[in-house]
Amino acid sequence: MNDNNSHCKIPSPQTEEELLLRCQRLAGKTLGMLAMELNIIVPDNLLRHKGWVGQLLELYLGADAGNKAEPDFVGLGIEMKTLPLNAQGQPKESTYVCTVSMCQSGELSWQDSWIRRKLAHVLWVPVEADASIPIAERYVGNAWLWQPNDEQNAILQRDWDELMDRIVLGEQSEITAKEGEYLQIRPKAANSKVLVNGISSSGSNEKINPKGFYLRAVFTRQLLEQVASSQSSIINSTEWISN
């Protein structure tokens, strides 16, 4: 992340209540306002700075995982996910969760998987993402904490089981984004020239494009609708500014 000299270091929140209080202060501000507070330069576009918005919010809220294989707020066991919204206030795209290991033996269970841990407790932060709005002028909405209920967990596990079965059988290259109800696997690389090791259906090693687990927009839309019924403003609204 580009900055002017050095950005402000925010200590990590010690409780969920402290984290949510920070989120309340965050809501109704623009990305430009946050960047100014942290002494960070706002990029002209996000094509070459794809993770910039998430990094900015992590810095502002005091996420402390860094590059460690831990949830973003390590002590709280909470993962943060931004939710880019289009002009209609709906999720603009699927949400990246984590990379997919292409060399699975079939011994890993859903309960022990990294993706289940990542999705066990999530802080969702909605952000305006309409391309017509300059990055610095995009507002941040009211964040909320989410834990999957039994039905959601069952569907996520079913999707994961079916997709991982394909990988174990060496069918990685045949998996498409159409598979899975809530969870899908999609390419995760800057271009098609990036390759990683995988296993073919015959059991031999092969080079394939890296892939990631993503939550479908239809699922995050459901989450947004559920929480919108209990919060006065989540999506694009002038109430953001007044709250």
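Residues numbered from 1 in each chain as written. Predicted model: local features only at pLDDT ≥ 70, side-chain atom pairs only at ≥ 80, totals over all residues. Heavy atoms only, no water.

Topic: the pairing of strand E8 (residues 211-215)
For E8, a buried count of five out of five residues is recorded, marking the element as mostly surrounded by other parts of the structure. Here E8 shows two buried faces, one formed by Lys 211, Phe 213 and Leu 215 and the other by Gly 212 and Tyr 214. Both strand E5 (residues 183-187) and E8 contribute to a ladder of five bridges, which runs antiparallel. By the bridge assignment for E8, Ile 185 is matched with Phe 213. (Buried < 20%, exposed > 50% of the residue type's maximum accessible area, 1.4 Å probe, protein only. Helix = DSSP H or I, 4+ residues; strand = E, 2+ residues; numbered from the N terminus. Pairing = 2+ DSSP bridges.)

Description of the confidence of the model for the chain
On average, the chain scores 85 in pLDDT, and the residues at 70 or more come to 80%. In the predicted structure, residues 233-243 sits below a pLDDT of 50 and forms 33 contacts with residues beyond four places in sequence or in another chain. (pLDDT = per-residue confidence, 0-100. Contact = heavy atoms within 4.5 Å.)

Here's the deal with the pattern of salt bridges
Taken as a whole and assessed by the stated rule, the structure comprises eight salt bridges. Between Lys 81 and Glu 79 there is a salt bridge; the shortest N-O distance is 3.8 Å. For the pair shown, Lys 81 and Glu 79 are each scored as buried. Arg 158 serves as the salt-bridge partner of Glu 181, at 2.4 Å between the closest nitrogen and oxygen. Here Glu 181, found in the loop between helix H5 (150-168) and E5, pairs with Arg 158, found in helix H5; they are 23 residues apart in sequence, far enough to count as distant. The class of Glu 181 is partly exposed, set by a relative accessible area of 39%. What emerges from the salt-bridge pattern is a single network uniting Glu 79, Lys 81 and Lys 118. (Salt bridge = Lys/Arg side-chain N within 4 Å of Asp/Glu carboxyl O.)

Considering the packing of helix H1 (residues 16-26) against helix H3 (residues 52-61)
At their nearest, the axes of H1 and H3 sit 10 Å apart, and the two run at 120° to each other. Looking at the two axes, H1 sits oblique to H3. Our pair here, H1 against H3, has a crossing hand that is right-handed. Counting all contacts with H1, which are made through Leu 19, Arg 22, Cys 23, Arg 25 and Leu 26, the residues of H3 involved are Leu 57, Tyr 60 and Leu 61. Class assignment for the residues of the contact of H1 with H3 results in six nonpolar, no polar and two charged. (Axes fitted to C-alpha atoms, helices over the stretch in contact; angles between N-to-C directions. Parallel < 35°, antiparallel > 145°, perpendicular 65-115°, else oblique. Left-handed = near helix turned anticlockwise from the far one by under 90°. Nonpolar A, V, L, I, M, F, W, Y, C, P; charged D, E, K, R; others polar.)

What to know about the environment of Thr 30
Its location among the elements puts Thr 30 in the loop between H1 and helix H2 (31-37). Along the primary structure Thr 30 and Val 140 are separated by 110 residues, whereas in three dimensions their C-alpha atoms are 6.0 Å apart. Apart from residues lying up to four places away in sequence, Thr 30 is in contact with Ala 136, Glu 137, Arg 138 and Tyr 139. A distance of 3.2 Å separates a polar atom in the side chain of Thr 30 from the backbone oxygen of Ala 136. (Polar contact = N/O pair within 3.5 Å; in protein donor to acceptor, adjacent residues only side chain to side chain.)

Some points on H5
Here H5 contains 19 residues, and its C-alpha end-to-end distance of 26 Å stays within 8% of the 27 Å for a straight helix at 1.5 Å per residue. Among all positions in H5, only Gln 152, Ile 155, Leu 156, Asp 159, Trp 160, Leu 163, Met 164, Arg 166 and Ile 167 are buried. End-on view of H5: buried residues confined to an arc of 160°, all on one side of the axis. Projecting away from the buried face of H5 at angles above 90 degrees are the exposed residues Asp 150 and Glu 151. Packed against the buried residues of H5 are helix H4 (114-118), strand E4 (144-146), E5, E8 and helix H6 (217-228). The N-cap residue of H5 is Asn 149: its side-chain oxygen and the backbone nitrogen of Glu 151 are 3.2 Å apart. Just downstream of H5, Gly 170 is the residue with a positive phi angle, here 80°. (Expected span 1.5 Å × (residues − 1). Arc of directions from axis to C-beta.)

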